[in-house]
Amino acid sequence: MNVILLGPPGAGKGTQAKQLEEEFNLVQLSTGDMLREEVKAGSELGQTAKKIMDAGELVPDDLIIAMISDRMDQAEGKNGVILDGFPRTTPQAEALDAMLTEKNIQLDHVIQIEIAEEIIVARLSGRFGCAKCGAGYHDEFKPTQIEGVCDDCGSTEFIRRSDDNPETVRNRLAAYEKQTAPILPYYAAKGTLQKVDGLGEIDEVYRRVKEIVSGGS
Ligand code: ADP
Ligand code: ADP
Ligand code: ZN
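Within each chain, residue numbers correspond to sequence positions counted from 1 in written order. Each chain is given a letter, starting from A, and each ligand a number, starting from 1, according to the order in which they appear as written. Under the rules for a predicted model, residues below a pLDDT of 70 receive no local features and side-chain atom pairs below 80 are neither given nor counted, while totals for whole chains, interfaces and linings still include all residues. To obtain the side-chain values, all non-hydrogen atoms of the structure were included, while hydrogens and water were left out.

Hey, could you run me through the sheet that holds strand β7 (residues 158–159) in this one?
The antiparallel open sheet is built from three strands, whose spatial order is β6-β5-β7. With partners counted over all chains shown, the strands left at the sheet margins are β6 (136–138) and β7, one partner each. In this structure, strand β5 (residues 127–130) lies alongside β6, joined through three bridges in antiparallel fashion. Each bridged residue has a counterpart across the sheet, and for arginine 127 the counterpart in β6 is histidine 138. When DSSP finds at least two bridges between two strands, those strands are taken to pair. Secondary structure is summarised from DSSP: a helix means a run of H or I of at least four residues, a strand means a run of E of at least two, and numbering begins at the N terminus for each.

Got a minute to help me understand the packing of helix α2 (residues 31–41) against helix α4 (residues 61–72) in this structure?
Axis angle and axis distance: for two packed helices, these are the angle between their axes and the distance between the axes, and together they describe the pair. Here the axes come from fitting lines to C-alpha atoms, over the contacting stretch only for helices, and the angles between their N-to-C directions go from 0 to 180 degrees. Following both chains from N to C, one finds α2 and α4 inclined at 100 degrees, their axes separated by 11 Å at the closest point. The angle between α2 and α4 places the two elements in the roughly perpendicular class. Contact with α2, carried on its side by Thr31, Met34, Leu35 and Glu37, involves Ile64, Met67, Ile68 and Arg71 of α4 and no other residues of that element. Residues were grouped as follows: Ala, Val, Leu, Ile, Met, Phe, Trp, Tyr, Cys and Pro as nonpolar; Asp, Glu, Lys and Arg as charged; and all remaining residues, including Gly, as polar. Looking at the contact of α2 with α4 residue by residue, the class counts come to five nonpolar, one polar and two charged. Our angle categories are set so that under 35 degrees counts as roughly parallel, over 145 as roughly antiparallel, 65 to 115 as roughly perpendicular, and the remainder as oblique. Every residue pair with non-hydrogen atoms within 4.5 Å of one another is taken to be in contact.

Could you clarify how one ought to interpret the site of ligand 1 in this entry?
Near ligand 1 there are 18 residues, and of these Gly10, Thr15, Arg127, Tyr137 and Gly200 occur at the shortest range. Pairs of N or O atoms are called polar contacts if they sit within 3.5 Å, as long as, within protein, a hydrogen donor faces a hydrogen acceptor (for residues adjacent in sequence, only side-chain-to-side-chain pairs). Lysine 13 is positioned with one of its backbone polar atoms (N or O) 2.8 Å from an oxygen atom of ligand 1. At 2.9 Å from an oxygen atom of ligand 1 is found a main-chain nitrogen or oxygen belonging to glycine 14. Note on areas: Shrake-Rupley with a 1.4 Å probe; residue coverage comes only from the protein chains shown. Contact with the protein chains covers 91% of the free accessible surface of ligand 1, which is 570 Å². Broken down by secondary-structure element, the contributors of at least two residues to the shell around ligand 1 are α1 (13–24), β6 and α9 (202–215). For the shell around ligand 1, the element with the most residues is α1, which contributes three residues. Its residues assigned to classes, the shell around ligand 1 shows seven nonpolar, seven polar and four charged. When at least one non-hydrogen atom of a residue lies within 4 Å of a molecule or strand, that residue is treated as near it.

Before we go on, may I ask you to explain unusual backbone geometry in this structure?
Note on backbone geometry: most residues besides glycine have negative phi, and most peptide bonds are trans. Between phenylalanine 86 and the following residue, proline 87, the backbone shows a cis peptide bond with an omega angle of 0 degrees. On the secondary structure map, proline 87 appears in the loop between β3 (81–84) and α5 (90–103). Positive phi, normally seen in glycine, also occurs at asparagine 25, with a value near 55 degrees. Although it is not a glycine, asparagine 104 sits at a positive phi angle of roughly 60 degrees. Mapped onto the elements, asparagine 104 comes out in the loop between α5 and β4 (109–114). Relative accessible area decides the class of each residue, using a 1.4 Å probe on protein chains only: under 20% of the type maximum gives buried, over 50% gives exposed, and in between gives partly exposed. Assessed through its relative accessible area of 72%, asparagine 104 is described here as exposed.

Quick question: what am I supposed to make of the sheet that holds strand β2 (residues 27–30) here?
Backbone-to-backbone hydrogen bonds pair the strands of a sheet. The strands run either parallel or antiparallel. Spatially, five strands are ordered β2-β3-β1-β4-β8 in an open sheet, and the strand pairing comes out parallel. Edge positions in the sheet fall to β2 and β8 (193–197), since each of these pairs with one other strand and no more. Direction aside, neighbouring strands of the sheet carry axes that sit 25 degrees apart on average. Together, β2 and β3 form the strand contacts of α2, whose direction differs from that of β2 by roughly 65 degrees.

Please explain the coordination of the zinc ion (ligand 3) as it appears in this structure.
For the zinc ion (ligand 3), every protein donor is listed as Cys130 (SG), Cys133 (SG), Cys150 (SG) and Cys153 (SG), and the spread of their distances is 2.3 to 2.4 Å. Here a donor is any nitrogen, oxygen or sulfur atom (N, O, S) within 2.8 Å of the metal, with 3.2 Å used for Na, K and Ca; water is not among the atoms considered, so some sites may look incomplete. Geometry is assigned from the angles between donors: four donors with all angles from 85 to 135 degrees make a tetrahedral site, four or six donors whose opposite pairs exceed 155 degrees while the rest stay between 65 and 115 make square planar or octahedral sites respectively, and everything else is labelled irregular. Angles of 102 to 115 degrees at the metal separate the four donor atoms of the zinc ion (ligand 3), which places the site in the tetrahedral class. Donor residues for the zinc ion (ligand 3), ordered by position in the chain, follow C-x2-C-x16-C-x2-C. Of the two residues, cysteine 130 is situated in strand β5 and cysteine 153 in the loop between β6 and β7; the sequence distance between them amounts to 23 residues.

What is the right way to read the nonpolar core from this model?
Generally speaking, nonpolar side chains in soluble globular proteins are found buried as a group. The term nonpolar core refers to a set of buried residues drawn from Ala, Val, Leu, Ile, Met, Phe, Trp, Tyr and Cys, joined through side-chain atoms within 4.5 Å. Grouped together as the largest cluster of nonpolar side chains are 31 residues, with contacts concentrated most on Ile4, Leu6, Leu29, Leu35, Leu83, Leu96 and Tyr187. If you list the elements that add at least two residues to this core, you get β1 (3–6), β2, α2, α3 (44–55), α4, β3, α5 and α8 (184–190). With sequence-adjacent residues up to four places away left out, leucine 29 is seen in contact with Met34, Ile68, Arg71, Met72, Gln74, Val81, Ile82, Leu83 and Asp84. With 14 residues, the next largest nonpolar core counts Ala17, Leu20, Leu26 and Ile82 among its residues.

Structure, rendered in structure tokens:
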């Protein structure tokens, strides 16, 4: 099963992807996570990407496409992939189509998580993650069970993303509206797009997502 999760920053793509990954033995391919790894490693790509990410803009299509194409093959041995944060532009969606055809991979579900702008701001301003295992948390909506200790790995180190500040968030939302929202009709026209209401408890949203992925293949 191969799934795309679409939706604005803070919609809950990463949170839902992690749950799907575990339950269905899939591989989450998050272009945002890959880029942050490149930044951390100080690679050439990371150096280029950092400035763009901090400005809340999109990294050039050719760099993203090369990066994801490499990682698609990592899904071997698993039941498929969850694309989280990719594609984000029309050229990326077209490149993905070509890639899937070439690798003979079938796309089963394109899920758009819908969420209002005021909710996005609240979600991103409280987002943090485990520095060791990457588990995602929220100050208010998903705190760790024991304060300061990761539920999953016991680490006591956490990170907040430098692009989750109000000014950068405004730019990321603008980039979403301008460059990413236009790909929704592309998938709608193919008949593969399904919408999920992203408002509600994490488990409630997951039930909605599961209903879709359990509905076919
Ligand atoms: P995205 O990957 O779409 O940017 P995340 O999955 O990182 O979004 O979620 C953004 C923040 O909101 C995180 O701090 C996460 O814990 C929290 N969150 C995710 N889903 C929900 C939900 N249904 N209700 C409340 N908070 C949520
Ligand atoms: P979120 O879903 O919370 O907005 P991501 O982690 O997906 O955040 O992305 C963080 C940043 O990484 C984006 O603002 C953008 O600069 C860059 N990025 C991630 N994925 C892509 C992509 N597919 N195309 C271009 N830029 C990307
Ligand atoms: Zn952890």
